Amino acid sequence: MDTGRAAHSAGEAIPGPVAGGDRTFPAERTDPVPFTPDTLLWDMAGDIRVLLYLPAALVLQVAHPAVGAGVDEHSVFRTDPWGRARRSLDSLQLWVYGGDGAVEEGRRLRRLHRDIKGTDTRGRAYHALNPAPYAWVHATGFPVFLRAAEYLFHPFDEAGERRLHAEARRLGRILGIREHDMPGSVEEFWTYFDTVVHDELERTVIVEELLDPRRSVPPPDGAAAVLRLLWPVLRPALLRLQVFVTKGLLPPVARERLDVPWTPRDERRLRLLGRVVRTVVPRLPERLRYLPAAHAARRAARA
């Protein structure tokens, strides 16, 4: 099964929100529209399972030489891993649950990246806001959402995949990505994705670090004394689990490109873990199943 690729002819008509249009000239700008409770991302992006699948998107992002170099040279993820992760997660929650504040968060991120520039591993000058790498960071979400749905939620059918792609483009507008820098249809997306994977991605130093279960990670900020005491025992097991799930949720073509080993036994273990997660998480109370921003937004929407 080719996970995450719609099975249909390329000539099939696509609903308006995902139409590709004329690719020669930039598409007419569409104003960002905040997400609402009737969207797929409203249910997925704030679910605690996001903690399991977001690292796979991050690996795809930093496998791009420009993105990897920017993170290597400018990010504080080594010195402040928990703070950096918290800020990234808070930003993601704003994109989906922030209402009108989502657009301002997109603007803030662009301002934050204005001065991030340098030279990548291939000797090419990069800037964080160059259209290609900036669009790639956004594009990694769609295939990882599909992989997460297959293993941790429930797989999308063809209609669901198209709907998710339309919502991914909607998210791109919130982040300030131009229409013509985002694939216009699911078919266009997979052509674009395969091209970037084969022509651009590499096993950067950041990929190596993120896939190393032996890396040094301090206990969470503000952790209780007992957690700090037990952290040397807990850390290896937690990192092995995180790296295992991250490898499993990478699209197979990316695993192959990045030389990430994955065996049939690994696949069986991941599917078993997925069945457990799919059974347990939906039965949790909403305040435990959703991150705080998502929980608050869902309560406000019902009210």
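Residues numbered from 1 in each chain as written. Predicted model: local features only at pLDDT ≥ 70, side-chain atom pairs only at ≥ 80, totals over all residues. Heavy atoms only, no water.

Quick look at the overall build of the protein
Thinking step 1. Check the secondary structure of the protein and you find 15 helices and two strands.
Thinking step 2. Scaling as 2.2 N^0.38, a compact globule of 303 residues should have a C-alpha radius of gyration of about 19 Å, and the protein matches this with 19 Å.
Thinking step 3. Seen along its three principal axes, the alpha-carbon backbone of the protein occupies a region of about 60 × 50 × 40 Å.
Thinking step 4. Expressed as a percentage of its 303 residues, the buried residues of the protein come to 46%. (Helix = DSSP H or I, 4+ residues; strand = E, 2+ residues; numbered from the N terminus. Rg over C-alpha atoms; globule rule 2.2 N^0.38 Å. Buried < 20%, exposed > 50% of the residue type's maximum accessible area, 1.4 Å probe, protein only.)

Side note on helix α13 (residues 264-280)
Thinking step 1. Look at α13: 25 Å from first C-alpha to last across 17 residues, which is about the 24 Å you get at 1.5 Å a residue.
Thinking step 2. Here α13 has its buried residues at Asp266, Glu267, Leu270, Gly274 and Val277. All buried residues of α13 fall inside an arc of 95 degrees around its axis, so they share one side. In α13, those exposed residues whose orientation departs by more than 90 degrees from the buried face are Pro264, Arg265 and Arg268. (Expected span 1.5 Å × (residues − 1). Arc of directions from axis to C-beta.)

Re the environment of Leu112
Thinking step 1. On the secondary structure map, Leu112 appears in helix α5 (residues 101-112).
Thinking step 2. Assessed through its relative accessible area of 53%, Leu112 is described here as exposed.
Thinking step 3. Expressed as a C-alpha distance, the spacing of Leu112 and Leu129, which sit 17 residues apart in the sequence, is 9.9 Å.

Quick notes on empty space enclosed by the protein
Thinking step 1. Tallying each qualifying case throughout the model produces one cavity of 30 Å³ or more.
Thinking step 2. Within this model, the largest cavity holds a volume of roughly 60 Å³.
Thinking step 3. If you go around the largest cavity, the residues you meet are His138, Ala139, Phe142, His165, Ala168, Arg169, Met182, Pro183 and Phe189.
Thinking step 4. With three residues, helix α8 (residues 158-174) is the single largest residue contributor to the lining of the largest cavity. (1 Å grid on protein atoms, 1.4 Å probe; cavity = no way out; pocket = protein on both sides within 12 Å on 5 of 7 lines; lining within 4 Å. Points joined across faces, edges and corners; volume = space filled by probe spheres on them.)

A short note on the confidence of the model for the protein
Thinking step 1. Confidence along the protein averages 88 in pLDDT terms, with 90% of residues attaining 70 or more.
Thinking step 2. Of all helices and strands in the protein, the one with the weakest mean pLDDT is strand β2 (residues 125-127) (87), whereas α13 scores best (98).
Thinking step 3. Overall, residues 1-29 carries pLDDT values under 50, and its contacts beyond four positions in sequence, including any with other chains, amount to 47 contacts. (pLDDT = per-residue confidence, 0-100. Contact = heavy atoms within 4.5 Å.)

Re the layout of surface pockets
Thinking step 1. Considered as a void within the structure, the second largest pocket measures approximately 310 Å³ in volume.
Thinking step 2. Along its surface, the second largest pocket is lined by 22 residues, and His64, Ala132, Pro133, Tyr192 and Val196 are the ones closest to its centre.
Thinking step 3. Split by residue class, the lining of the second largest pocket holds twelve nonpolar, four polar and six charged. (Nonpolar A, V, L, I, M, F, W, Y, C, P; charged D, E, K, R; others polar.)

Observations regarding helix α4 (residues 81-97)
Thinking step 1. Relative to the 24 Å expected for 17 residues at 1.5 Å per residue, α4 spans 24 Å between its end C-alpha atoms, a close match to the ideal helical length.
Thinking step 2. Against the buried residues of α4 lie α1 (40-44), α2 (50-62), α5, α8 and α15 (292-302).
Thinking step 3. Phi for Gly99, located one or two positions after α4, is positive at around 60 degrees.

Points about the packing of helix α7 (residues 141-152) against helix α9 (residues 186-199)
Thinking step 1. Running from N to C, α7 and α9 cross one another at 105 degrees; their axes reach a closest spacing of 11 Å. Between α7 and α9, the crossing angle belongs to the class labelled roughly perpendicular. Where α7 approaches α9, its residues Phe142, Pro143 and Leu146 are matched on the opposing element by Phe189, Trp190 and Phe193. (Axes fitted to C-alpha atoms, helices over the stretch in contact; angles between N-to-C directions. Parallel < 35°, antiparallel > 145°, perpendicular 65-115°, else oblique.)

Let's talk about the side chain of Arg170
Thinking step 1. By the element assignment, Arg170 lies in helix α8.
Thinking step 2. Buried and unpaired, Arg170 has no salt bridge, with Asp38 as the nearest side chain of opposite charge at 5.6 Å. (Lys, Arg positive; Asp, Glu negative; His and termini not counted. Salt bridge = Lys/Arg side-chain N within 4 Å of Asp/Glu carboxyl O.)

Considering the nonpolar core
Thinking step 1. Among the nonpolar cores identified, the biggest contains 71 residues, and Tyr53, Leu60, Trp136, Phe193, Leu201 and Leu249 are the most heavily contacted of them.
Thinking step 2. Among the elements that take part in this core, α7 stands out by supplying eight residues, more than any other.
Thinking step 3. Setting aside chain neighbours within four positions, we find Leu201 in contact with Leu60, Ala63, His64, Arg122, Trp136, Val196, Arg257 and Leu258.
Thinking step 4. One finds Ala69, Ile116, Tyr126 and Ala128 within the second-largest nonpolar core, a separate group that totals five residues. (Core = buried A, V, L, I, M, F, W, Y, C linked by side-chain atoms within 4.5 Å.)

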